[in-house]
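# Working through the structure, step by step
The primary structure of each chain is shown beneath.
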Amino acid sequence: MRFKKVIGKIHLWLGFLSGIVVFIVAVTGCIYVFKDEIETLSRPYQYAKTQNKPLLSPTQLKEAATKNLPDKIAGSVTYRKGYAAVVRFDNDDHDYYYNVYINPYSGEVIKIKDEKNDFFDFILTGHYNLWLPEKTGKLIVASATLIFVISLISGFILWWPNNKAARKQRFKFQWKATTKWRRKNYDLHNILGFYTSVVTLIIALTGLVWGFEWFSEGLRAVLVLGNRQEKIQKDLKPYIDPGDYAISTSAENYLWRAFNKKNADFEGSYEIGFSDDKESDIWLYINHNPGTYWKTDYLTYSAKDLREENVRTYKNMDFSDKVFNMNYDIHVGAIGGLPTKILAFGASLIAASLPITGFIIWRGRRKRIRYGLTQNK
């Protein structure tokens, strides 16, 4: 009992320290889970009917988009069958972020979207750094998330009953017409918290991967130690054969043609990064399952001669890289499609309620102690 009393104090004060931040992060996370589904309905301009015509090259699409944003830097272009091509404009300082949606067959600009003023960008900023300066906000969110993880563990210890009779009661709601609201609030905190604890813990831990470098590196070290298989050797055959690539040829266009020649029936999406000059690198990101990110190949080439600089395909990644590639999809619940998104949404919603129901429990006990309705032990 003394041990649980100490755990109870830890649980209480950690809840006070992290409660408001946890509430904001959980609510914004809840909303962000269904970002893709909401944008499917709210962004009809992202689609373009497939035509029996050749696609425009990356540089043609870049030129069409740049006419509308002449003072901005085009970073990449994304292709996907049945969708508009998207030319992304941003810079290293994140001063601006635009997506230009273009018909990939005609070059017609369908929509210029300022993503920095988008609703989901606002939600993501709140989730990531509480709308504060990035460095400060990120540290606060990461610290609160770590505290929340400890709170979850201490809460489970407090929840664990001392006998079978109590255990049975804590697995389900047993409300009657005479059950008071304080009891209902207590059950909402304990029972819902217990049933979602595993999912909530996974969401919190995957969030910490971005929050603290020491956590990310430590997790990677554990994954490497736990999987002692040798790395799969990369196939020596080039992923994209540069062939007769010439210096005078646009590297982006050549890479685009080579990819399409090799993958004529490709159903995923692929993004090609633009190079500022022949001394820079260009990159090709190939997503085999749009809507998630873990089945993505990351290819980097020299813009000068299309020499492979770095090639990481999801099939040839080692175990730790595969887990880290899944981190975002696990965090937002996309890893298993709609069912796991619903699970992540429900767990996040309950996580947001825990600081509130916990505060009500504490406040009720304080009032009972003040008016002598219970003993202050």
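Cut-offs used in this document
Residues numbered from 1 in each chain as written. Predicted model: local features only at pLDDT ≥ 70, side-chain atom pairs only at ≥ 80, totals over all residues. Heavy atoms only, no water. Helix = DSSP H or I, 4+ residues; strand = E, 2+ residues; numbered from the N terminus. Areas by Shrake-Rupley, 256 points an atom, 1.4 Å probe, with all protein chains shown as cover. Buried < 20%, exposed > 50% of the residue type's maximum accessible area, 1.4 Å probe, protein only. Arc of directions from axis to C-beta. Contact = heavy atoms within 4.5 Å. Axes fitted to C-alpha atoms, helices over the stretch in contact; angles between N-to-C directions. Parallel < 35°, antiparallel > 145°, perpendicular 65-115°, else oblique. Left-handed = near helix turned anticlockwise from the far one by under 90°. Patch = residues over 30% accessible without salt bridge, like charges linked within 9 Å, V, L, I, M, F, W, Y side chains within 5 Å. Salt bridge = Lys/Arg side-chain N within 4 Å of Asp/Glu carboxyl O. Core = buried A, V, L, I, M, F, W, Y, C linked by side-chain atoms within 4.5 Å. Lys, Arg positive; Asp, Glu negative; His and termini not counted. Polar contact = N/O pair within 3.5 Å; in protein donor to acceptor, adjacent residues only side chain to side chain. Pairing = 2+ DSSP bridges.

Below, the discussion takes up the overall build of the protein. Across its full length, the protein carries 13 helices and eight strands. Per element, the accessible surface of the protein, about 22400 Å² overall, is 59% carbon and sulfur.

Our focus in this paragraph is helix α3 (residues 58-66). All buried positions along α3 are accounted for by P58, L61, A64 and A65. Along the axis of α3, the buried positions cluster into a sector of 130 degrees, meaning they face one direction only. Buried positions along α3 lie against β1 (74-80), β2 (85-90), β3 (97-102), β4 (109-114), α10 (251-262) and β5 (269-273).

Next up on the list: the packing of helix α5 (residues 134-159) against helix α8 (residues 197-211). Orientation of α5 relative to α8, taken along the N-to-C sense of each, is 150 degrees, at an axis distance of 9 Å. Taken together, α5 and α8 sit at an angle that is classed as roughly antiparallel. The interaxial crossing formed by α5 with α8 has left-handed handedness. For the pair α5 and α8, the contacting residues are K138, A142, T145, L146, F148, V149 and L152 in the first and S197, T200, L201, A204, L205, L208, W210 and G211 in the second.

On the surface, a cluster of nonpolar side chains totalling about 930 Å² of accessible area is made up of W13, F16, F23, V27, I31, F119, W181, I356, F359 and I360. Mapped onto the nonpolar patch, the elements with two or more residues apiece are α1 (2-33) and α13 (338-370). For the nonpolar patch, the element with the highest residue contribution is α1, accounting for five residues. Among the secondary structure elements, I356 is positioned in helix α13.

This next bit is on the nonpolar core. Counting residues in each nonpolar core, the largest one holds 34 residues, and the members touching the most others are L61, V77, V87, F89, Y270 and L284. Broken down by secondary-structure element, the contributors of at least two residues to this core are α3, β1, β2, β3, α10, β5, β6 (281-287) and β7 (296-302). At six residues, the largest contribution of residues to this core is made by α10. Not counting residues within four places of it along the chain, the set of residues in contact with Y270 comprises L55, V77, T78, Y79, W256, F259, N260, L284, Y285 and I286. Judged by nonpolar contacts, the second largest core, of 17 residues, contains A26, F212, F215 and A351.

Attention shifts here to the environment of L132. Inspection of the secondary structure assignment puts L132 in the loop between α4 (119-129) and α5. A relative accessible area of 38% places L132 in the partly exposed class.

Here D329 shows up in helix α12 (residues 327-331). Buried charge D329 goes without a salt bridge, the closest partner of opposite sign being K341 at 8.1 Å. Apart from residues no more than four positions distant in its own chain, D329 is found in contact with T292, Y293, W294, A334 and I335.

In this structure, H127 sits in helix α4. H127 sits 102 residues away from V25 along the chain, and the two C-alpha atoms are 4.8 Å apart. Excluding anything up to four places from it in sequence, H127 contacts V25, T28, G29, V141 and H331. A polar contact is formed between the side chain of H127 and the backbone oxygen of V25, at a distance of 2.8 Å. Only 3.2 Å separates the side chain of H127 from the side chain of T28, close enough to count as a polar contact.

Ordered by their spatial adjacency, eight strands build an open sheet running β4-β3-β2-β1-β5-β6-β7-β8, and the pairing between neighbours is antiparallel. With partners counted over all chains shown, the strands left at the sheet margins are β4 and β8 (308-312), one partner each. Between one strand and the next, the sheet's axes are offset by a mean angle of 15 degrees, whatever the strand orientation. In the sheet, β1 pairs with β2 via four bridges, with the strands oriented antiparallel. Across the sheet, V77 pairs through a bridge with V87, a residue of β2. Along the sheet, α10 contacts β1, β5, β6 and β7; its crossing angle with β6, the most-contacted strand, is approximately 30 degrees.

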